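Examining the three-dimensional arrangement
Residue strings, one per chain:
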Amino acid sequence: MSRSPNVSSPAAAQNGARKNGAKKNGSGQNGADKEGAGFSGPGIPFESVALLLQGGGALGAYQAGVYEAMVERKIEPTWVCGISIGAINSAIIAGNPLEHRVAKLREFWETVTSGGGTGWNNWWIDLPGGSYMRGLVNQFAAGGVLLQGAPGFFTPQMPPATLQPKGSPGATSWYDTQPLKATLEKLVDFDRINQAKMRFSVGAVNVRTGNFAYFDTINEKIRVEHVMASGALPPAFPAVEIDGELYWDGGMVTNTPLDWVLSNRRDISTLVLQVDLWSARGEIPADLAEVGTRMKDIQYSSRTRAATDLFKYRQKLRAALYTLMQKMPPELADTPEAKLLRSETGPAAYNIVQLIYRSASYESQSKDYEFSRSTMEEHWKAGYSDAHATLSHRQVLTLPSRASDVRVFDYLRPPDEHGGRASD
C-alpha cells in the first residue's frame, strides 16, 4: 500500500494543522502566521484565482476540506475547473453563494457516505496490527458499496447489466446514477453557474470519437448532464447524453484540468491551486494488492511536472518576445509578422500551488469507492490541514517580481524528494 508522510489519521491531520498554526490568531482570521494571513482577501495581488479539482471518487472529500480552508483565508476562486468528482465539487462551489458553499459541500458528502461517528479514534492504528485491521475495515466498507451503491449517488442496476437486453439503457453499466442527478439538482443552482460570475469548466470524453471535450461557461450553457458526464466512469456508470452525443468520465484521457487552464492563457496574473487526489510518487509494491493500488495511483495521477515545465518554457519565450516588442521600431512593429508575435506575448505571471493527497498506509485500491462516513471525515480533515499548512507560506501568495514568470510550489512533498519545498 502507499504510505503517506503527511496525514495517516484525523488525529494526525489535526496535529499537523496545530503544528503549522492553522488556528485562530489575534486578528480573528485563520492563519499559520501573520504574513500568511495578511495576504487573505483583498490583499491577494493576483487578478485571477483558478481552482483545479482532479477526479478520484470518494477521495474527493479532501478537496472539500481544501476549499473550507480557502474560505477561512478569504481566497475566492474566479475560475473553478474539475473532472469526475472534481466536477461535482466544482459545481457545488460555483452553483452556490459564498456563504453556503461549505455547508452544501458538507451536505453532499454526508449524503453519499454512510456509517456512524464523525471520525475514528485512531490511537489503536499505531498499535501492532492496527493499520492492518483498519485496512480490513475499509475494504469491508468498500465491499458494501459495491453491493449496495452509495446513497444519493448510484444504485446497482436491477437486473444486472449482463442480464439486460443488448442496447438497453441498463446493459452498459453496473450502476444507475439517477440518484446523483437528483442530488445535484437539489444542491446546485445551475442558473447561478451560467451567470458566469465565476468561470466554470468540466471535462469529459466523447464515447463515439474518443475526443476529450471541455464544457465551459465561456462557450455554452452548463446543465446537470455536463457534470454527470464528467464523472461517468465506465463500466461502473452509464454514459451521459449531451446534445445527441454520449460522454464518459474525463479521467479516462486526462485526470487533471491543468493543461486546459494553462492553455487558456489570459493576460492577467493568476494563482493556480491544483488539488490532486492521486500521488504519482509512491513505494515499490510488495504484493498483488499493493500492485493494484500503485497501478491506480499512477494511472490517475497528474503529470504536473511535465505540464508545468513546458508551460514555464513557453512563458520564458513569451517574456522574451514581450521585451523584444517594447524595443522594436514602429515601422517593424506594424508588420503582420510582428502583430502575430505580439498576440502571443503578455506580462502575466503565475504561481502554481500543488496540494496532493497522499494516502494513509491502510488505504487500498478500493479507496476511491470507500464511501464510509469516518473515512470521508479523514479525507476532509487532511485537505483542510494541508491547505492551511501550504497557504501559510508567504511566497505562495506573493506575485512574482518578473513579467511572465512562473513559480511552482509543493510544500507537502517529503523533504528528501527534492532540495527545498518550492521549485521556481
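Every chain's residues receive numbers from 1 upward, in the order its sequence appears when written. Local features in a predicted model are, by the rule used here, given only for residues with pLDDT of at least 70; side-chain atom pairs are given and counted only at 80 or more, and totals for whole chains, interfaces and linings are based on all residues. Side-chain numbers come from the whole structure's heavy atoms, not from hydrogens or water.

**Digging into a nonpolar patch on the surface**
A cluster of nonpolar residues, Leu288, Val291 and Met295, forms a patch on the protein surface that exposes about 330 Å² of accessible area. Any residue under 20% of the maximum accessible area for its type is buried, any over 50% is exposed, and the rest in between are partly exposed; the area is computed with a 1.4 Å probe on protein chains only. For valine 291, a relative accessible area of 32% corresponds to the partly exposed category. A patch consists of residues exposed above 30% relative accessible area that lack any salt bridge, with like charges linked at up to 9 Å and nonpolar side chains (Val, Leu, Ile, Met, Phe, Trp, Tyr) linked at up to 5 Å. Computed with a 1.4 Å probe, the accessible areas rest on the Shrake-Rupley method; for each residue, only the protein chains presented here act as cover. We define a salt bridge as a side-chain nitrogen of Lys or Arg found within 4 Å of a carboxyl oxygen belonging to Asp or Glu.

**So, the nonpolar core**
Counting 74 residues, the largest nonpolar core has Trp109 and Phe153 as the members making the most contacts within it. The contact criterion used throughout is that any non-hydrogen atoms of two residues lie within 4.5 Å. Each residue touching tryptophan 109, except ones within four places of it in the same chain, is listed here: Gly57, Ala58, Gly60, Ala61, Ala64, Ile85, Asn89, Phe371, Met376 and Trp380. Residues grouped as a nonpolar core are buried Ala, Val, Leu, Ile, Met, Phe, Trp, Tyr and Cys residues, joined through side-chain atoms within 4.5 Å.

**Points about the packing of helix H5 (residues 101-112) against helix H7 (residues 178-187)**
Where H5 contacts H7, the two axes come as close as 11 Å, and the packing angle between them is 160°. It follows from the interaxial angle that H5 and H7 lie roughly antiparallel. Handedness of the H5/H7 crossing: right-handed. Taking contact as the criterion, the partners of Lys104, Glu107 and Phe108 in H5 are, on H7, Leu180, Thr183, Lys186 and Leu187. To get an axis, a line is fitted to the C-alpha atoms, and for a helix only the part in contact is used. The angle between two axes follows their N-to-C directions and goes from 0 to 180 degrees. Helix and strand assignments follow DSSP, with helices taken as H or I runs no shorter than four residues and strands as E runs no shorter than two, numbered in order from the N terminus. Each angle is binned into one of four classes, with values under 35 degrees roughly parallel, values over 145 roughly antiparallel, values of 65 to 115 roughly perpendicular, and all other values oblique. Note on convention: the crossing is left-handed when the near helix lies turned anticlockwise from the far helix by less than a right angle, right-handed when the turn is clockwise.

**Some remarks on helix H15 (residues 373-391)**
By definition here, a helix of n residues has an expected span of 1.5 Å times n minus one. For H15, with 19 residues, the first-to-last C-alpha span of 27 Å sits near the 27 Å given by 1.5 Å per residue. For H15, the buried fraction is high: 17 of the 19 residues fall into the buried class.

**Things to note about the pattern of salt bridges**
As a working rule, side chains carrying opposite charge can pair if their charged atoms are close by. Under the counting rule described, the total for this entry stands at 10 salt bridges. Note that arginine 106 is salt-bridged to glutamate 110, the shortest N-O span being 3.8 Å. Residue arginine 106 and its partner glutamate 110 are located together in helix H5, separated by four residues, close to a single helical turn. As a salt-bridge pair, glutamate 185 and lysine 181 come within 2.8 Å of each other at their nearest N and O atoms. Residue glutamate 185 and its partner lysine 181 are both found in helix H7; the two are separated by four residues, about one turn of the helix. For glutamate 185, a relative accessible area of 44% corresponds to the partly exposed category. For lysine 181, a relative accessible area of 22% puts it in the partly exposed group. By sharing partners, the salt bridges in this structure join Arg106, Glu110 and Glu377 into a single network.

**Considerations on the packing of helix H3 (residues 61-72) against H5**
Interhelical geometry of H3 versus H5 gives an angle of 165° and a closest axis separation of 10 Å. The angle between the axes of H3 and H5 places the two elements in the roughly antiparallel class. The handedness of the crossing between H3 and H5 is left-handed. Contacts from Ala61, Ala64, Tyr67, Glu68 and Val71 of H3 reach H5 at Arg101, Val102, Leu105 and Trp109.

**Structural notes on the environment of arginine 106**
On the basis of relative accessibility, which here comes to 23%, the residue arginine 106 falls in the partly exposed class. Taking the C-alpha atoms as reference points, arginine 106 and glutamate 377, separated by 271 residues in sequence, lie 10.0 Å from one another. Discounting residues that sit within four places of it in the chain, arginine 106 has contacts with Met376, Glu377 and Trp380.

**Concerning the pairing of strand E8 (residues 212-216)**
Here E8 lies mainly inside the structure; four of its five residues are buried. Strands were regarded as paired on the criterion that DSSP finds at least two bridges between them. Summarising the sheet, strand E7 (residues 199-206) and E8 pair through five bridges and their orientation is antiparallel. Paired with serine 201 across the strands is aspartate 216, a residue of E8. Connecting the antiparallel pair E7 and E8 is a turn made up of five residues, with glycine 210 showing a positive phi of about 80°.

**Observations concerning the side chain of asparagine 351**
In this fold, asparagine 351 is placed in strand E12 (residues 350-356). Relative accessible area serves as the criterion here: at 0%, asparagine 351 is assigned to the buried category. A polar contact of 2.8 Å, which involves the side chain of asparagine 351, links it to the backbone oxygen of valine 396. At 3.0 Å, the side chain of asparagine 351 and the backbone oxygen of threonine 398 are in polar contact. Those residues in contact with asparagine 351 that sit more than four places away from it in its chain are Phe46, Thr270, Leu271, Val272, Gln395, Val396, Leu397, Thr398, Pro400, Arg407 and Phe409. Pairing of N or O atoms within 3.5 Å defines a polar contact, subject to two protein rules: one partner must be a possible hydrogen donor and the other a possible acceptor, and residues neighboring in sequence count only if both atoms are side-chain atoms.

**Focus on the packing of aromatic side chains**
In this analysis, rings of Phe, Tyr and Trp, with Trp reduced to its six-membered ring, are considered paired at centre separations within 6.5 Å, and the interplanar angle assigns stacked below 30 degrees, edge-to-face beyond 60, and tilted for intermediate values. Per the counting criterion, the structure on display carries 15 aromatic pairs. Geometrically, the ring pair formed by phenylalanine 153 and phenylalanine 371 is edge-to-face, given 5.8 Å between the ring centres and 80° between the ring planes. Of this pair, phenylalanine 153 sits in the loop between helix H6 (130-148) and strand E5 (155-156) while phenylalanine 371 sits in the loop between E12 and H15, placing them 218 residues apart in sequence. Judged by centre distance (6.4 Å) and plane angle (70°), the rings of tyrosine 175 and phenylalanine 237 are edge-to-face. You can see tyrosine 175 sitting in strand E6 (residues 175-176) and its partner phenylalanine 237 sitting in the loop between helix H9 (224-230) and strand E9 (240-242), a full 62 residues away along the chain. Under the relative-accessibility criterion, phenylalanine 237 is labelled buried at 11%.

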